[in-house]
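Observations on the model geometry
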Amino acid sequence: TVATLKYQYTQLDIDNEVFGGEASEMRSHRVSTGLSGAVTSRLFLAGTVMVEDYEITTPANVPAGSRWADGTDPYDYEANTYTGLLAATYACTADVSTTLDYQFTRADGNIAYRYQRVGLAVDFRLSEKSSIRTGYELSDYDDLSGNGFDNYTAHGVFTTYRRVF
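Residues numbered from 1 in each chain as written. Predicted model: local features only at pLDDT ≥ 70, side-chain atom pairs only at ≥ 80, totals over all residues. Heavy atoms only, no water.

To continue, consider the overall build of the protein chain. Scanning the protein chain from N- to C-terminus turns up zero helices and eight strands. Counting helices and strands in the order they occur from the N terminus, the protein chain gives β-β-β-β-β-β-β-β. Restricting the contact set of the protein chain to residue pairs at least 6 apart, pairs at least 24 apart contribute 45%. A total accessible area of about 11,200 Å² is found for the protein chain, and carbon and sulfur atoms account for 57% of it. (Helix = DSSP H or I, 4+ residues; strand = E, 2+ residues; numbered from the N terminus. Contact = heavy atoms within 4.5 Å. Areas by Shrake-Rupley, 256 points an atom, 1.4 Å probe, with all protein chains shown as cover.)

Spelled out as structure tokens, the structure:
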């Protein structure tokens, strides 16, 4: 069993010569914790919880002659984001395993949203150094701060070949 606790601070100043200097500034405080381990000889579980305070500031005024238009308000984004991740991997045989995972994210701020994703994958070990993974994902995004214009549901299918050298 492995337990983790992580704090991360990020600050990024984005400069752009078109704007005559600083174009925007991003700041983020993130705390996450996780727990993972084998429940049985065939079942492995992992879970992570993350909380993030995120802010990006972008000035609204731009120099004359720019292709960007002046805004009346800064193009700022502030949110507290909460994310939970769960994954379960089951070894069907020595060469075949399945993984079911789920993600839930909610952002509360001037752009608020709820995002959910569930995935199911099957891994096939072809040899000691190669494998194929195929799976399906379902995502759902719900815009909580607007009129629902940005809401979407997405389906995805993927196949990955992995080779260790």
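The rest of the description comes next.
Moving on, we come to the environment of Thr1. With respect to the element layout, Thr1 can be found in the segment before strand 1 (2-16). Classification of Thr1 by relative accessible area gives exposed; the value is 82%. Residues Thr1 and Ala38, spaced 37 residues apart in sequence, show a C-alpha to C-alpha distance of 6.8 Å. Leaving out residues up to four positions away in the same chain, Thr1 has contacts with Leu35, Ser36 and Gly37. (Buried < 20%, exposed > 50% of the residue type's maximum accessible area, 1.4 Å probe, protein only.)

This part is about the nonpolar core. Judged by nonpolar contacts, Tyr77, Ala79, Ala107, Tyr113, Tyr115 and Tyr141 together constitute the single largest core of six residues. Elements represented by at least two residues in this core include exactly strand 4 (77-91) and strand 6 (113-125). (Core = buried A, V, L, I, M, F, W, Y, C linked by side-chain atoms within 4.5 Å.)

What follows concerns the packing of aromatic side chains. For any pair of aromatic rings, geometry is given as the distance between the ring centres together with the angle between the planes. Counted by the stated rule, this structure contains three aromatic pairs. A ring pair is formed by Tyr113 and Tyr141, whose centres lie 5.3 Å apart and whose planes are at 25°; its orientation type is stacked. Linking Tyr113 in strand 6 with Tyr141 in strand 7 (residues 130-143), this pair joins segments that are 28 residues apart in sequence. The class for Tyr113 is buried, based on a relative accessible area of 18%. Judged by relative accessible area, Tyr141 falls into the buried class, the value being 17%. A network of ring pairs unites the aromatic residues Tyr113, Tyr141 and Tyr152 as a single cluster. A cation sits over an aromatic face here: Arg163 above Phe165, 5.9 Å from the ring centre. (Phe/Tyr/Trp six-rings, centres within 6.5 Å; stacked < 30°, edge-to-face > 60°. Lys NZ or Arg CZ within 6 Å of the ring centre and 35° of its normal.)

To continue, consider the pattern of salt bridges. For the structure shown, the criterion picks out nine salt bridges. The salt bridge involving Arg106 is made with Asp108; its shortest N-O contact spans 2.8 Å. The residue Asp123 makes a salt bridge to Arg133 at a minimum N-O spacing of 3.0 Å. In this pair, Asp123 sits in strand 6 while Arg133 sits in strand 7, placing the two residues 10 residues apart along the sequence. The exposure class assigned to Asp123 is buried, which follows from its relative accessible area of 17%. What makes Arg133 partly exposed here is its relative accessible area of 29%. What emerges from the salt-bridge pattern is a single network uniting Arg27, Asp53 and Glu55. (Salt bridge = Lys/Arg side-chain N within 4 Å of Asp/Glu carboxyl O.)

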